[in-house]
Amino acid sequence: MNSQSPTYAAVLLDVPIAAAFDYRIPADQEGRLAAGDWVVVPWARQQRVGIVVELRGRPAIDAARVREIIGPMPGAPRLDTAWLSLGAFAAGYYHCQPGELLIPAIPKRLRRPPPGGEPKRRTRPRDDFGDARRRFESLQKGLRATAEPGPPVTDDQRAALAALASGRGYHCSLLNGITGSGKTEVYLNWLSDVLSADPHVQVLLLVPEIALTPHLAGRVQARLNQPCAILHSAMRETDRAAHWLAAAEGRARVVIGTRLAVLAPMPRLAAIVVDEEHDTSFKQQEHPHYSARDLAIARAHAADIPIVLGSATPSLESWHAAGRGRYSLLRMTHRATGAALPEIRIVPLRESGAAPGQPRGTPEGFTDEAFAAMQETLAEGAQTLVFLNRRGFAPVLSCGHCGWLSQCDDCSAYRVLHRRARGNARNRFMLICHHCASTSAVPERCPNCGDPDLIALGRGTQRIEELLAQALPQVRIARLDRDVARRVGATESVFERLHGGEIDIIVGTQMLAKGHDVRRLALVVVLDADGALFSSDFRGPERLFAMLTQVAGRAGRHDGRGRVFVQTRFASHPVFGALLAHDYPSFANRLLDERREASLPPFTHHAILRAQSAELGEALGFLTEARRGAQTLLETPTPASNPAGTPILYYPVPMPLARIAGVSRAQLLVESPSRPALHAFLRAWRARLDTDAGRVRWQLEVDPIEI
């Protein structure tokens, strides 16, 4: 044996307490293991699958305490070092461990330790990797002999493609195209050119919603005619393993997926697209709190490849970066079909929620103007989208006598009234908490005073669907929200019927707001546009404008006769003025001026320390002590004497939703105008937090999208 051969391996595991763990390399594996190899290792009394990140001549701890690797993972491919580097970068930026990011992104079916001491028998031993490879091959048998041609490119699309073709190496382009301008066609033409230039490279297309993935995947496969892997959390484990492994081994030349796809190994990655880059779905809301969009940019930079961020309403961070010249701004201002943008009408509401003189027969929640437009649209044989971003039947059940509300027992929220999919008149409804998923029967009488007259307050998508069915009994009405989407195949079925003209009115939430091109959809009615205006988060107006622009863009995409009715009690709000003018740039620039004056992102940088405990006092107490310890790490402990860049620590407060599933939650905001200064502080602070938590669970989130 070569005396210089490394005898220890640092191995990534899905645990939060260290970056990697040292294991002794077995004698029969010395000189054979390398970074990126899968190994089975002992962990306490169990076995785990890990990834080798480094070979070492000596361990970081006492050699007597180092355990030996059990063996290599049978059939597993060596993962590329760029993937390991991505994990190291992300762990450093988000202040977590690389194993917490990378290992959970591997499908569970591929990280099962092989059965120990498997007895000799005639049946074939388990081969997860072989099964995954065979499964992907069977899924690719439907590839066409030739790629399906696309429509002729427009002048806007041609200019965008020329700009993308002129770049070399890393460059980030922000493709800002109005709804219907054909951004997807730009993606497909550009990615086709990338794939054609080199028969071995891979491309990555990120989308925000699972609901968008199947439809888009079919379109991409038809146009690019290349082996395509699809990755999202709702996939069956067998299929997810097959697609992930094909991406990791380079057999899938195209990878389409939601945010977890950014963490998939792709050894020959040559281009990245992030569609609807502004969408909050790209931010992971559980630990580790990574942003798939930001990691995609970092991945492109590290690989020296181009990336395109696409949106009709870019995030203010991306718009600001384009304004500073960090990104190239590519604008498309005309619809690909030549159709005009929809006519938008802002319809004022009275406090009662109905327009004056509402005629008999107009459903509750609709103005007579909006309902008349729906009837006109039906008479023309066109389709209507009724948009309400609130699922369920009613947001809350109330007692009109004593004021009782259907408060969740375990959350700082109300249980929402839902209509059961099946049920008789007696148990037609139930109460569901949208935060902890707890359920309860609807009480026959008020639990507080015994009054039998309980009232459903407000309206959700189920109630709107029912009201429309009563008012328009001959009309084909369907609904699409998360409740419908839970049923296997339901989302695909609804879209198939919608595109096929079998639905006259579709009622739904933001699942319908983006990425869908329905030829006969002529009218959009937005029922409650005001909720985001009163958000506790400063990003509320930005998100409302994006949502309304996206949903409005579904109307009249082909014949230019689209109409949008937005019902609101605050018709003079600047958001609605910008919406009427179809003027994102002016709206975004005005918001940036406000953010600059208020020292809010993107002109400052945030991190949040969140704490959870059985009692709110414990969580707040931990954060108070954490803040006190943090002040000792800073040269100047008070904001009043704060030099440039030194982080400011605000006082801990309960979170807006202070209790979920019986767990109390509090948070502490950290702010700095300097990103490097913020991260230097967070590194030192995190080391101290690891030792001070006690019974409190805590999480550190960098670049939070909600405060």
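Cut-off values and rules
- Residues numbered from 1 in each chain as written.
- Predicted model: local features only at pLDDT ≥ 70, side-chain atom pairs only at ≥ 80, totals over all residues.
- Heavy atoms only, no water.
- Pairing = 2+ DSSP bridges.
- Helix = DSSP H or I, 4+ residues; strand = E, 2+ residues; numbered from the N terminus.
- Axes fitted to C-alpha atoms, helices over the stretch in contact; angles between N-to-C directions.
- Parallel < 35°, antiparallel > 145°, perpendicular 65-115°, else oblique.
- Contact = heavy atoms within 4.5 Å.
- Core = buried A, V, L, I, M, F, W, Y, C linked by side-chain atoms within 4.5 Å.
- Buried < 20%, exposed > 50% of the residue type's maximum accessible area, 1.4 Å probe, protein only.
- Left-handed = near helix turned anticlockwise from the far one by under 90°.
- Nonpolar A, V, L, I, M, F, W, Y, C, P; charged D, E, K, R; others polar.
- Expected span 1.5 Å × (residues − 1).
- Salt bridge = Lys/Arg side-chain N within 4 Å of Asp/Glu carboxyl O.

Novice: So what exactly am I meant to see when it comes to the sheet that holds strand 22 (residues 521–526) here?
Specialist: The strands making up a sheet associate through backbone hydrogen bonding, with each pair oriented either parallel or antiparallel. Sheet architecture is open: six strands sit in the order 13-23-22-14-21-20, paired in parallel fashion. Strands with a single pairing partner mark the edges of an open sheet, and in this sheet they are strand 13 (343–348) and strand 20 (477–480). Averaged over neighbouring strand pairs, the angle between their axes works out to 20° when direction is ignored. The pairing of strand 22 with strand 23 (residues 563–568) spans four bridges and is classified as parallel. Considered in strand 23, the bridge of Leu-523 is made with Arg-563.

Novice: Would you mind going over the packing of helix 14 (residues 540–552) against helix 16 (residues 584–598) with me for this structure?
Specialist: Angle between the axes and distance between the axes are the two parameters that describe a pair of packed helices. In contact at an axis separation of 11 Å, helix 14 and helix 16 are set at 170° when each is read in the N-to-C sense. Relative to helix 16, the element helix 14 is oriented roughly antiparallel. Counted together, Pro-541, Glu-542 and Phe-545 of helix 14 and Tyr-584, Phe-587, Leu-591 and Arg-595 of helix 16 form the full contact between these two elements.

Novice: Help me understand the nonpolar core, please; the structure alone is not making it clear to me.
Specialist: The tendency in soluble globular proteins is for nonpolar side chains to be buried as a group. Counting residues in each nonpolar core, the largest one holds 126 residues, and the members touching the most others are Trp-38, Trp-244, Leu-609 and Trp-685. Once residues lying within four places of it in the same chain are set aside, the contact partners of Trp-685 are Leu-609, Ala-626, Ala-630, Leu-633, Leu-649, Leu-668, Val-670 and Leu-700. Ranked by size, the runner-up nonpolar core spans 29 residues in total, among them Leu-188, Leu-191, Leu-205 and Ala-270.

Novice: Would you mind going over the packing of helix 5 (residues 183–197) against helix 6 (residues 213–224) with me for this structure?
Specialist: Here helix 5 crosses helix 6 at 45°, and the two axes come no closer than 10 Å. Here helix 5 is positioned oblique relative to helix 6, judged by the angle of their axes. Judged by the twist between their axes, the crossing of helix 5 over helix 6 is right-handed. For the pair formed by helix 5 and helix 6, the contact residues are Thr-184, Glu-185, Leu-188, Asn-189, Leu-191, Ser-192 and Leu-195 on the first element and Leu-216, Arg-219, Val-220, Arg-223 and Leu-224 on the second. Of the residues assigned to the contact of helix 5 with helix 6, the class counts are six nonpolar, three polar and three charged.

Novice: Explain helix 7 (residues 237–248) here, please?
Specialist: Three- or four-residue spacings in an α-helix give side chains the same orientation, since the helix completes a turn every 3.6 residues. Here helix 7 is twelve residues long and its end C-alpha atoms lie 16 Å apart, about the 16 Å a rise of 1.5 Å per residue gives. Counting buried residues along helix 7, ten of its twelve residues qualify, which places the element largely inside the surrounding structure. Of all the residues in helix 7, the buried ones are Asp-239, Arg-240, Ala-241, Ala-242, His-243, Trp-244, Leu-245, Ala-246, Ala-247 and Ala-248. For helix 7, the secondary structure elements touched by its buried residues are strand 3 (38–43), helix 2 (98–105), helix 3 (128–139), strand 7 (202–206), strand 8 (228–231) and strand 9 (254–257). Gly-250 lies just past helix 7 and shows a positive phi near 80°.

Novice: I tried to follow the pattern of salt bridges on my own but got confused; where do I start?
Specialist: Once their charged atoms are close, side chains differing in charge can pair, the charge on each being opposite to the other. Overall, the coordinates contain 41 salt bridges when judged by the stated rule. The partner of Arg-135 in a salt bridge is Asp-239, with the nearest N and O atoms 2.7 Å apart. Of this pair, Arg-135 sits in helix 3 while Asp-239 sits in helix 7, and the two are 104 residues apart along the sequence. Taking the relative accessible area as the measure of exposure, Arg-135 reaches 28% and is therefore partly exposed. You can call Asp-239 buried: its relative accessible area is 12%.

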